[in-house]
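In case you want the letters, here they are:
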Amino acid sequence: MSGHDPEWTLVEHGFDRARAGYRETVFTVGNGRLGTRGSLEEGHLGALSGTYLAGVYDAHDSPVIDLVNAPDWLHTAVWVDGVRLDPDAAEIVEHERVLDLRTGLLHRSTTFADRAGRCTRLRSVRLASMADRDLCALRVEVTPLGHDAEVVVVAGVDGHRRNLDRLPRYPDGLDLPPQRRWDKWARSTHLDVRELGFAADGTGFLHADTIDRGTRLAFAFAVTAGRAADRSTDLVEGERVARRLEFRVPDGETVTVDKLVGIATSRDPGRPDDPGARAAATVAAHAAGGVDGAVRASTEAWAELWRDSELQVVGHEKDALALRFGTYHLLIAANPDDPTVSIGAKSLSGEGYRGHVFWDSEILLLPFYLYTRPETARSLLCYRHHTLPGARALSAENGTRGARYAWEAADTGREECPRWTPDGKDRFWTREEELHVTADVAYAVREYVAVTGDERFLLDAGAEILFETARFWVSRLEERADGSLGLSNVMGPDEFHSHVAENAFTNRLVRWHLTEAVDVHRTLAATAPDRLAGIGDAIGLDPDEVAGWADVADRVRRPVARPDGVIEQFDGYFDRLDVPIESWDENDMPRYPPGYHHFNCEDTKLLKQPDVLMLMYLLPDEYPPETQRANFEYYEARTLHKSSLSPSIHAILGLQVGDPTMAVRYFERSAYVDLDDNQGNTIEGMHIAAAAGTWQIAVHGFGGMRMLGGRLTFAPRLPERWERLRFTVRWRGHPVRVDLGHDESSFVLDASPGTTQGILVDGAEVLLVAGDPVTVPTKH
Ligand code: BGC
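Residues numbered from 1 in each chain as written. Predicted model: local features only at pLDDT ≥ 70, side-chain atom pairs only at ≥ 80, totals over all residues. Heavy atoms only, no water.

Colleague: Please explain the pattern of salt bridges as it appears in this structure.
Modeller: Think of it this way: side chains of opposite charge can pair up when their charged atoms draw near. With the rule as written, the count across this model stands at 75 salt bridges. Of the charged contacts in the structure, one is a salt bridge between R278 and D273, with a shortest N-O distance of 3.1 Å. Counted as one network, the salt bridges with shared partners bring together R33, D134, D268, R271, D273 and R278. (Salt bridge = Lys/Arg side-chain N within 4 Å of Asp/Glu carboxyl O.)

Colleague: Please explain the environment of P753 as it appears in this structure.
Modeller: With respect to the helices and strands, the residue P753 is situated in the loop between β28 (744-749) and β29 (756-761). The exposed category is assigned to P753, whose relative accessible area is 80%. Along the backbone, P753 and G771 are 18 residues apart, and their C-alpha atoms lie at a distance of 7.2 Å. (Helix = DSSP H or I, 4+ residues; strand = E, 2+ residues; numbered from the N terminus. Buried < 20%, exposed > 50% of the residue type's maximum accessible area, 1.4 Å probe, protein only.)

Colleague: I keep staring at the packing of aromatic side chains and nothing clicks. Help me out?
Modeller: Think of a pair of aromatic rings as described by two things: how far the centres are apart, and how the planes are tilted against each other in angle. A full pass over the atoms with the stated rule returns 26 aromatic pairs. With a centroid separation of 6.3 Å and 90 degrees between ring planes, the pair formed by W359 and F505 is classed as edge-to-face. Within this pair, whereas W359 is found in the loop between α5 (317-331) and α6 (360-372), its partner F505 is found in helix α12 (residues 504-527), the two being separated by 146 residues in sequence. Looking at W359, the relative accessible area reads 3%, which means it is buried. Taking the relative accessible area as the measure of exposure, F505 reaches 0% and is therefore buried. One aromatic cluster is present, formed by Y353, F358, W359, W407 and F505 through successive ring pairs. (Phe/Tyr/Trp six-rings, centres within 6.5 Å; stacked < 30°, edge-to-face > 60°.)

Colleague: Honestly, the sheet that holds strand β4 (residues 51-58) in this entry has me stumped. Any pointers?
Modeller: Two modes of strand pairing occur in sheets, parallel and antiparallel, and in both the strands are linked by backbone hydrogen bonds. The strand order β2-β3-β4-β5 describes an open sheet built from four strands, whose pairing is antiparallel. Of all the strands in the sheet, just β2 (29-30) and β5 (66-69) have a single pairing partner and so form its edges. Pairing between β4 and β5: three bridges, direction antiparallel. Its bridge partner lying in β5, D58 is registered against D66. (Pairing = 2+ DSSP bridges.)

Colleague: Would you explain the sheet that holds strand β16 (residues 204-210) in this entry?
Modeller: Taken in spatial order, the nine strands make up an open sheet running β1-β8-β9-β10-β11-β20-β17-β16-β15, and their pairing is antiparallel. Unpaired on one side and paired on the other, β1 (9-13) and β15 (191-198) mark the two borders of the sheet. For this sheet the average axis-to-axis angle between neighbouring strands, irrespective of direction, equals 15 degrees. Packing of helix α3 (residues 275-287) onto the sheet brings it into contact with β11 (135-145), β16, β17 (216-225) and β20 (255-265), and relative to β20 it is tilted by some 145 degrees. (Axes fitted to C-alpha atoms, helices over the stretch in contact; angles between N-to-C directions. Contact = heavy atoms within 4.5 Å.)

Colleague: Looking at this structure, I do not really get the site of the ligand. What am I missing?
Modeller: The ligand sits among A345, Y353, F358, W359, D360, W407, E495, K608, Q609, S643 and L645. W359 places a side-chain nitrogen or oxygen 3.0 Å from an oxygen atom of the ligand. Between an oxygen atom of the ligand and a side-chain N or O atom of K608, the distance comes to 2.8 Å. Relative to its unbound accessible surface of 310 Å², the ligand loses 92% to contact with the protein. Here the shell around the ligand is built from residues that sort into six nonpolar, two polar and three charged. (Near = heavy atom within 4 Å. Polar contact = N/O pair within 3.5 Å; in protein donor to acceptor, adjacent residues only side chain to side chain. Areas by Shrake-Rupley, 256 points an atom, 1.4 Å probe, with all protein chains shown as cover. Nonpolar A, V, L, I, M, F, W, Y, C, P; charged D, E, K, R; others polar.)

Colleague: Whenever I open this one, the nonpolar core confuses me. Can you help?
Modeller: In summary, soluble globular proteins display a tendency toward joint burial of nonpolar side chains. Within the largest apolar cluster, 200 residues are counted, with the highest numbers of intra-cluster contacts made by Y369, F467 and F727. If we skip the residues at most four places from it in the chain, F727 touches E310, L311, V699, M705, F714, V736, R737, V738 and L740. One finds I65, V341, L394 and A409 within the second-largest nonpolar core, a separate group that totals 13 residues. (Core = buried A, V, L, I, M, F, W, Y, C linked by side-chain atoms within 4.5 Å.)

Colleague: Explain the packing of helix α8 (residues 388-397) against helix α11 (residues 456-476) here, please?
Modeller: Helix packing for two helices is described by the angle between their axes and how far apart those axes are. The N-to-C vectors of α8 and α11 enclose an angle of 5 degrees; their axes lie 11 Å apart at closest approach. In terms of axis orientation, α8 runs roughly parallel to α11. Residue-level inspection shows L388, R392 and S395 of α8 in contact with α11, the latter providing E464, I465, E468 and F472. Classifying every residue of the contact of α8 with α11 gives three nonpolar, one polar and three charged. (Parallel < 35°, antiparallel > 145°, perpendicular 65-115°, else oblique.)

Colleague: Please explain the environment of V255 as it appears in this structure.
Modeller: By the secondary structure assignment, V255 is in strand β20. Among residues more than four places away in sequence, those in contact with V255 are V140, E141, V142, V151, R227, F247 and V249.

That is the geometry; function is a separate question.
Given below as structure tokens:
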């Protein structure tokens, strides 16, 4: 496994138990349908292994609904002369793992020594197939080094799984080893293993139901050996089913054991057939090709994904790797074939935030898919359509009309955000007050249609979302004494301030949202009156109601602004205490000023993350550069970046207002968050919104690509340490290949002959004619 490309591989040398949980997250393999953490196949004390299936949530036995830790398909144990090869029972002499981002394969090579000093090498390669999302595969190779050995391999599926419940609180400074912490985690049970065993053809199976939701999870597997085993036994023990193979292996020879796993559930949309039969059929379909065939097909599918979404940085190895690493995780987080799921805050790579879906999906994540794989973006937005009934119910429960999206959503769209911190000490107000998520979804619908030109989406799903959510705002707005309309008891994106009134971000987006809904209604009335009438009938909407929205939009309160253009984040913000930020940690992240923490910044001007700046980022046409600059200077100095969503927006806004000095710093804070674990909590899962935010820094920030006035525009300004930045974006159905440098930049429209597309580069018109590269000088 030597000689790996440093810009395409993530490498682990040596086994460090204290870092094992972090490695498990970053080494996750997946295909959008499922994610499997990069745990060692054999497990060890303190391991936090998990396979998560998108959309499989369960509420049984836990205070808040969980993304279920599904049966473990990796489950494999190896004994050599009676000694189990795992980090607890044997000594690790050498250990290396390599995640190949290009192919999605996780390779491993570990040499164990037993007490007598006899060494045995264990190698494996695993994948979650990108070519067939129902398929996973594992190959294990065992080689005795310097001795003949009795080798036993047990390979199967383990249904004994628990979700983590809450992290124990330890006094500051108490540094317990990970295995002790692991023992203390409260556990939730979501699975009831119903059937397990072996079919007549030798295929193993395990069927489990989630206890509360009753979703059937079916796993089928075939275990085969490179050479005939001396003995083969089928094991069914408790919640585990496995095949045990015994071999007599001479010194230096290798035995290979392959496992193909088929996975199906009763919630897979459009597939009503028996999940057990479907899982078995997957294994049967791949039996002839085996693990090699699965590797080949998946690698081909990955090549296609990279062709559309590679971001290539020339001149800086670590940045190049960081961008590919982030892109890899974005690609394994989303499934274009399932319109009923979205992406949780930690993707499918860990249990942080219990797999819940936030505004992250629409605001941070969506642009990546929108510009690289628009069909995936469509699918993600369809999740919001699929969960409209939950959003309607949430609105009704709160005495409002229409549909209100939950701050944290899971499978139904109902609110899943906890009210209290796990220790019961502090109250979260986000579930009641972070209403802006509803406008964020509307914003994403508009972005999708504007970038792709896919107007049909409005008829299929988008218009219903826009109209139902517009209704929510109309009923939630409060009339003020002067006749204007406002919102009290809200929280903007900055979660340090609750119960505020007239949050500039929320009010402005609500106004935008209502205006957009009116526009879309008007357009559809002209272009698709019958379909529009159908939508109106389905949700009881008549044109008079829509006409009223324009008036409501007009009455929504405008924010207060100082003469220099700095917008007040909410009513009374300017009167709060100015507490300076004066200290930064070893990762260059601001520290809380002495005495402050997450829950007591209410009276200060300190921000957790951008709020007014986020607004300016989302509506770039509306704020002139001087206003953006004044606000950037004011709010940047007061922001603690206690959300990993924060640095990317600051990097881009800084570049946009002509202050590139901090952009590289913010890029590193965002790009390295999981690569370097710079917040110390990657063990809980990827900060997937930061990965997408990093993509946005590269494309929207350094590449300066924005949609302005409905046009595709570029204003390249590469950091000095990058020689070139190359990427492809899809604009109105066609790929535009972009190659940016310090002196010149070139663009190619990849479309059928005769197609043209006008773009703006540094304000100048550039006409792209399909197939003809155009090179223009770079101004910045
Ligand atoms: C941030 C939110 C974000 C959530 C999930 C929080 O810390 O403040 O904006 O949606 O994390 O990523």
